[in-house]
Amino acid sequence: MMAKIRIPAALRAHVHEQIYVEVPSGTVRQALDYLIQEYPALTAYLTDSGGSLPAHVNLFLRGHQLEDVTVQLNPGDELYIATAMAGG
Amino acid sequence: MHFKLHHAMLRVGYNVPTLISSTTTYSIPMNSGNLEPLSDEERAIYEWQLSVPGFGVVGQTKLKAATALVSRVGGVGGLVAYQLAAAGIGRLILAHAGNVKSSDLNRQLLMTYDWLGKPRIESIIRRLKELNPRVEIVGVPENINVDNASRLVSQSDVVIDCAPLFEERFELNRQSIVHRKPMVECAMYDLEAHLTTFIPGVTPCLACLLPEKPPTWTRQFPVFGAVAGSVACLAAMEVIKVISGLGTPLSGRLLRYDLRTMEFHRFGISRKSDCPICGHLEERK
Ligand SMILES: [Zn+2]
């Protein structure tokens, strides 16, 4: 079983409207790099000028906010990408 | 229709609670000596919620004594205000600029067709007063900005963040920290929504979670009224809980859900010690 990334609604247009994208085993950083490599249009949303995840994008894993992208993703893990929203 | 800006003094104080966890309750400390008893009419109107365990006459009386500030009273904030008025909150401070547009009407349920082109705040007050003529409403025909936020937040017991622009949300957050007021944060996009309740010094603030705005955010976003209304009703319940002490507020936890798939996720979130807005606050347990 692979890990998967949950794509927020705001980014689904760039991944053919998929809600989950499977990623090979590795760290969170490697999973994000894989996602961006497969869907280059995400680069603008998931990469800041220094190549890191922008501060306005949050990651959640196993029920908690994730700060450390060197964490290893286990098979079956769901990495949740949360883009900022302000619809009111 | 007339409305005016009030500068009333706070009727209830706010102090930081002792502990927030998944098993504890939280409420704004109230000065019970100042609580006005319920009238016979109020007991009749709220009869069905007075029987909610953990709420009762005490909770209703606290609600009657409380003031909530709603930042923007549109698709989300309009439903927050409507539910709070229905539940019997004593006073609403409502900030919303502009005139009713036809594109408001799919979700902003306090705006009416007959009020197209006229001030939104007037439609908002009229609709709320039709439901609950007892609620005191302070209508502010402006959106939250650096000039009005401190004054409006200082007059409230709890604030609800429903603005469609990050600049307004960040300013409301800044002032909620300055004045130590709990802030219920609710927002949506497409069929997704998020909700959390920030308690200054206890939980993260909006800037901990979101230190900067996304450059790609646009003023117009995809929205069904039912999605905006769903998170609004959840937010209204958070306000009722924080005021009355009922249940467990969503503090230190972020709810995100997607009505496209009906998936609901709840995540733990933590304070950032280097947060420029709340990092200086002493940690409260
Ligand atoms: Zn903060």
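Provided above is the structure to which this section pertains.
First, a word on scope: everything that follows refers to the structure included in this document. Everything numeric in this text was worked out from a predicted model, so none of it was measured. (Residues numbered from 1 in each chain as written. Chains lettered and ligands numbered in written order. Predicted model: local features only at pLDDT ≥ 70, side-chain atom pairs only at ≥ 80, totals over all residues. Heavy atoms only, no water.)

Helix and strand content of chain A: 2 helices and 7 strands. Tracing chain A from N to C terminus, the helices and strands come up as β-β-β-α-α-β-β-β-β. The C-alpha atoms of chain A give 12 Å as radius of gyration, which agrees with the globular expectation for 88 residues (12 Å, within 12%). A principal-axis box enclosing the C-alpha atoms of chain A has dimensions of 35 × 30 × 25 Å. Looking at chain A residue by residue over its 88 residues, the buried ones come to 51%. When contacts within chain A are restricted to residue pairs at least 6 apart in sequence, long-range pairs at least 24 apart make up 45% of them. By element, 51% of the accessible surface of chain A is carried by carbon and sulfur atoms, the whole surface being about 3,900 Å². (Helix = DSSP H or I, 4+ residues; strand = E, 2+ residues; numbered from the N terminus. Rg over C-alpha atoms; globule rule 2.2 N^0.38 Å. Buried < 20%, exposed > 50% of the residue type's maximum accessible area, 1.4 Å probe, protein only. Contact = heavy atoms within 4.5 Å. Areas by Shrake-Rupley, 256 points an atom, 1.4 Å probe, with all protein chains shown as cover.)

Attention now goes to the interface of chain A and chain B. Each partner contributes to the interface: chain A provides 26 residues, whereas chain B provides 38 residues. Together, the buried faces of chain A and chain B total about 2,500 Å²; carbon and sulfur atoms form 58% of this surface. Considering only the side of chain A, the residues that lose the most area to chain B are A:M85, A:A86 and A:G88, jointly responsible for 28% of the buried surface there. One can count 6 salt bridges joining chain A with chain B. Linking B:D258 and A:R12 is a salt bridge whose minimum nitrogen-to-oxygen distance equals 2.7 Å. (Buried area = accessible area lost by both parts, 1.4 Å probe. Salt bridge = Lys/Arg side-chain N within 4 Å of Asp/Glu carboxyl O.)

Of all the 11 residues making up helix α4 (residues 77-87) of chain B, 8 are buried; the element is thus mostly covered by neighbouring parts of the structure. Of the residues flanking the end of α4(B), it is B:G88, one or two places downstream, whose phi is positive at about 100°.

Attention now goes to the packing of α4(B) against helix α9 (residues 225-244) of chain B. All names here are of chain B. At a minimum axis separation of 8 Å, α4 and α9 run at an interaxial angle of 45°. As summarised for this structure, α4 and α9 are arranged oblique, according to the angle between their axes. The two elements α4 and α9 cross, and the hand of that crossing is right-handed. For the pair formed by α4 and α9, the contact residues are L79, V80, Q83, L84 and A87 on the first element and G229, A232, C233, A235, A236, V239 and I240 on the second. Per-class residue counts for the contact of α4 with α9 are 10 nonpolar, 2 polar and no charged. (Axes fitted to C-alpha atoms, helices over the stretch in contact; angles between N-to-C directions. Parallel < 35°, antiparallel > 145°, perpendicular 65-115°, else oblique. Left-handed = near helix turned anticlockwise from the far one by under 90°. Nonpolar A, V, L, I, M, F, W, Y, C, P; charged D, E, K, R; others polar.)

We now examine the coordination of the zinc ion. All names here are of chain B. Donor atoms from the polypeptide that coordinate the zinc ion comprise C205 (SG), C208 (SG), C275 (SG) and C278 (SG), at 2.2 to 2.3 Å from the metal. Considering all 4 donor atoms around the zinc ion, the spread of angles at the metal, 95 to 125°, places the coordination shape in the tetrahedral class. Every donor residue of the zinc ion comes from the same chain, spaced as C-x2-C-x66-C-x2-C. Highlighted residues: C208 in helix α8 (residues 206-209) and C275 in the segment after β8 (263-268), separated in sequence by 67 residues. (Donors = N, O, S within 2.8 Å, 3.2 Å for Na, K, Ca; no water. Tetrahedral: all angles 85-135°; square planar, octahedral: opposite > 155°, others 65-115°.)

All names here are of chain B. As a packed pair, α4 and helix α5 (residues 120-131) sit with axes 9 Å apart at the nearest point and diverge in direction by 30°. Taken together, the axes of α4 and α5 lie roughly parallel to each other. In terms of crossing hand, the pair formed by α4 and α5 is right-handed. Contact residues: A81, Y82, A85 and A86 in α4; R127, L128 and L131 in α5. Residue composition of the contact of α4 with α5, grouped by class: 6 nonpolar, no polar and 1 charged.

All names here are of chain B. Tracing the chain through its elements places T61 in helix α3 (residues 56-65). With relative accessibility at 9%, the residue T61 sits in the buried group. Setting aside anything within four residues of it in sequence, one finds T61 in contact with L35, E36 and L38.

Glancing now at the pattern of salt bridges. Residue and element names in this part refer to chain A. Summed over the entire model, instances satisfying the criterion amount to 24 salt bridges over all chains. Between R29 and D33 there is a salt bridge, and its shortest N-O distance comes to 2.9 Å. You can see R29 and its partner D33 sitting in helix α1 (residues 28-38), 4 residues apart, about one turn around the helix. Here D77 makes a salt bridge to R62, at a shortest N to O gap of 2.5 Å.

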